[in-house]
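Below, each chain spelled out in residue letters.
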Amino acid sequence: MKRKPRQIAPDKPERSAYFTTFFPIFLDYLTVEKGLAKNSLAAYSIDLRHFGHWLADQNIDLDRVERIQIVRYFQSLRTSGISARSVARALTAIRGMFRFLVAERHLKSDPTENMENPKLWSTLPKSLHATEIEALLRAPDRDTPDGLRDRAMLELLYATGLRVSELINVRSEDIVMDAGFLRTMGKGSKERIVPFGDTARDAILDYVDKGRAHFNKHNDARLFLTNRGRAMTRQSFWQKVQKYARIAGIKSHISPHVLRHSFATHLLENGADLRSVQMMLGHADISTTQIYTHVSRARLQRMYETFHPRA
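What counts and what doesn't
Along each chain, numbering runs from 1 in the same order as the chain's sequence is written. Restriction of local features to residues with pLDDT of at least 70 applies here, the model being predicted, together with a cutoff of 80 or more for giving and counting side-chain atom pairs; totals for whole chains, interfaces and linings are based on all residues. Note that water and hydrogens are dropped before the side-chain values are worked out from all heavy atoms of the structure. Ring geometry is summarised as follows: Phe, Tyr and Trp rings, the Trp one being its six-membered ring, pair when their centres sit within 6.5 Å, and such pairs are stacked at plane angles under 30 degrees, edge-to-face over 60 and tilted between the two. Under the scheme used here, helices are H or I runs from DSSP no shorter than 4 residues and strands are E runs no shorter than 2 residues, and both carry numbers assigned from the N terminus. Working definition: with a 1.4 Å probe on protein chains only, accessible area under 20% of the residue-type maximum means buried, over 50% means exposed, and in between means partly exposed. Contact definition: two residues touch when any of their heavy atoms are within 4.5 Å. The criterion for strand pairing is that DSSP finds at least two bridges linking the strands in question. What makes a salt bridge here is a side-chain nitrogen of Lys or Arg within 4 Å of a carboxyl oxygen of Asp or Glu, nothing more. Buried Ala, Val, Leu, Ile, Met, Phe, Trp, Tyr and Cys residues that are joined via side-chain atoms within 4.5 Å together make up what is termed a nonpolar core.

### Considerations on the packing of aromatic side chains
Phase 1: Inspection of every chain in the model, using the stated rule, returns 10 aromatic pairs.
Phase 2: Arranged with centres 6.4 Å apart and planes meeting at 50°, the rings of Phe26 and Tyr44 form a pair that is tilted. With Phe26 in helix H1 (residues 17-32) and Tyr44 in helix H2 (residues 38-57), this pair connects stretches of sequence that are 18 residues apart.
Phase 3: Aromatic pair Tyr29 and Phe100: ring centres 4.6 Å apart, planes at 25°, arrangement stacked. Of the two residues, Tyr29 sits in helix H1 while Phe100 sits in helix H4 (residues 84-103), which places them 71 residues apart along the sequence.
Phase 4: Taking relative accessible area as the criterion, Phe100 reaches 9% and is therefore assigned buried.
Phase 5: Each member of the aromatic cluster is reached from another via a ring pair, and the members are Phe51, Trp54, Tyr73, Phe74 and Phe98.

### Brief notes about the environment of Val102
Phase 1: Here Val102 is to be found in helix H4.
Phase 2: Excluding anything up to four places from it in sequence, Val102 contacts Leu107, Lys108, Ser109 and Asp110.

### Digging into the pairing of strand E3 (residues 191-195)
Phase 1: Residues Arg192 and Val194 point to one face of E3 and are all buried, whereas Glu191, Ile193 and Pro195, pointing to the other face, are not buried.
Phase 2: One ladder, built from five bridges, connects strand E2 (residues 181-185) with E3; its direction is antiparallel. Residue Arg183 lies in a different strand from E3, and its bridge partner there is Ile193.
Phase 3: Following E2, the chain reverses through five residues before pairing antiparallel with E3; Gly188 in that reversal takes a positive phi of roughly 70°.

### Considering the pairing of E2
Phase 1: The alternating pattern of E2 places Leu182 and Thr184 on a buried face and Phe181, Arg183 and Met185 on a face that is not buried.
Phase 2: In this structure, strand E1 (residues 175-176) lies alongside E2, joined through two bridges in antiparallel fashion. Following the sheet pairing, Val176 is matched in E2 by Phe181.
Phase 3: In textbook terms, the turn of a hairpin is the stretch between consecutive antiparallel strands, and for E1 and E2 this stretch comprises four residues, one of which, Gly180, has a positive phi near 75°.

### Thoughts on the pattern of salt bridges
Side chains bearing opposite charge may pair, as long as their charged atoms lie close to each other.
Phase 1: With the rule as written, the count across this model stands at 13 salt bridges.
Phase 2: A salt bridge links Arg89 to Asp47, with the shortest nitrogen-to-oxygen separation between them at 2.8 Å. Highlighted residues: Arg89 in helix H4 and Asp47 in helix H2, separated in sequence by 42 residues.
Phase 3: Using a relative accessible area of 35% as the deciding quantity, one classes Arg89 as partly exposed.

### Topic: the environment of Phe51
Phase 1: Examined against the element boundaries, Phe51 turns out to sit in helix H2.
Phase 2: On the basis of relative accessible area, Phe51 is assigned to the buried category, the value being 0%.
Phase 3: C-alpha separation for the pair Phe51 and Leu91, spaced 40 residues apart in sequence, amounts to 9.9 Å.

### What about the nonpolar core?
Phase 1: Ranked by size, the top nonpolar core spans 36 residues in total, and within it Leu136, Leu167, Phe224, Phe237 and Ile254 carry the most contacts.
Phase 2: Counting residues per element, the ones that place at least two in this core are helix H5 (130-138), helix H6 (145-160), helix H7 (164-167), helix H8 (198-210), helix H10 (234-247) and helix H11 (256-269).
Phase 3: The leading source of residues in this core is H6, at six residues.
Phase 4: In contact with Phe224, not counting residues within four places along its chain, are Arg149, Ala152, Met153, Leu156, Leu167, Val170, Tyr207, Arg230, Ala231 and Met232.
Phase 5: Among the nonpolar cores identified, the runner-up in size contains 30 residues, and Leu48, Phe51, Ile60 and Phe98 belong to it.

Shown next as structure tokens:
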């Protein structure tokens, strides 16, 4: 059984007076000024509280933190089993707090300035090969309403790189079919516009023309509905992806997020620029998108080792 990485969780109150004073001020700023979503705010809170506990254990107050102590903190996270991705998330939270406190003149200097994110090569996002994608998209039965709906969802997910929470909440009015784009509300309640191609459009039209009426029992505005006429849950769609992966003969474990990863990876491998991919994925920070360039490099390395005569 695959061991789950340990989660960052608070276990005792902060003892740093400076931290206790300014921690809630920063959270208020994230809520009111930045409009952070509830889940993101909770993640920031957990990461920052854990950092506050560590500072208290080291008898270091927030206004006396130096860069070397930040480095030691992240080293302690990694040695305790925290995943590289969770460490990167914690750095984002801590860096944001220090930047805010310096900007508001509560601190004189930022010990995280110019500090790079931890390397995430050990946790590169999984993506499917193009042939696996084709097999997955062919798996739904187009002769049934369920198959038409599921095919449209899979096509749209791979065509746009939406998060699964965004996909299940797409409304008919969000899609501009002739122009080939949709509007979606992402993290932090930020709206973005994402294009999609003819294949996804044709799949959606097939579903709307031949299948959606079968599900539309309560005039729900959401495009993709269940047999009960309600919006699909993330768990339900995850199960469908698993089902079609088995039909497609895909051996590895996949989730809806793998199609989002595949969308980004395949765009970059075929020459898309990083900034455009960032905008389509809805990443606030381009460093989040840069991990997909690492995927492409990893594949290039494997290809070189496989085919070069002197590798």
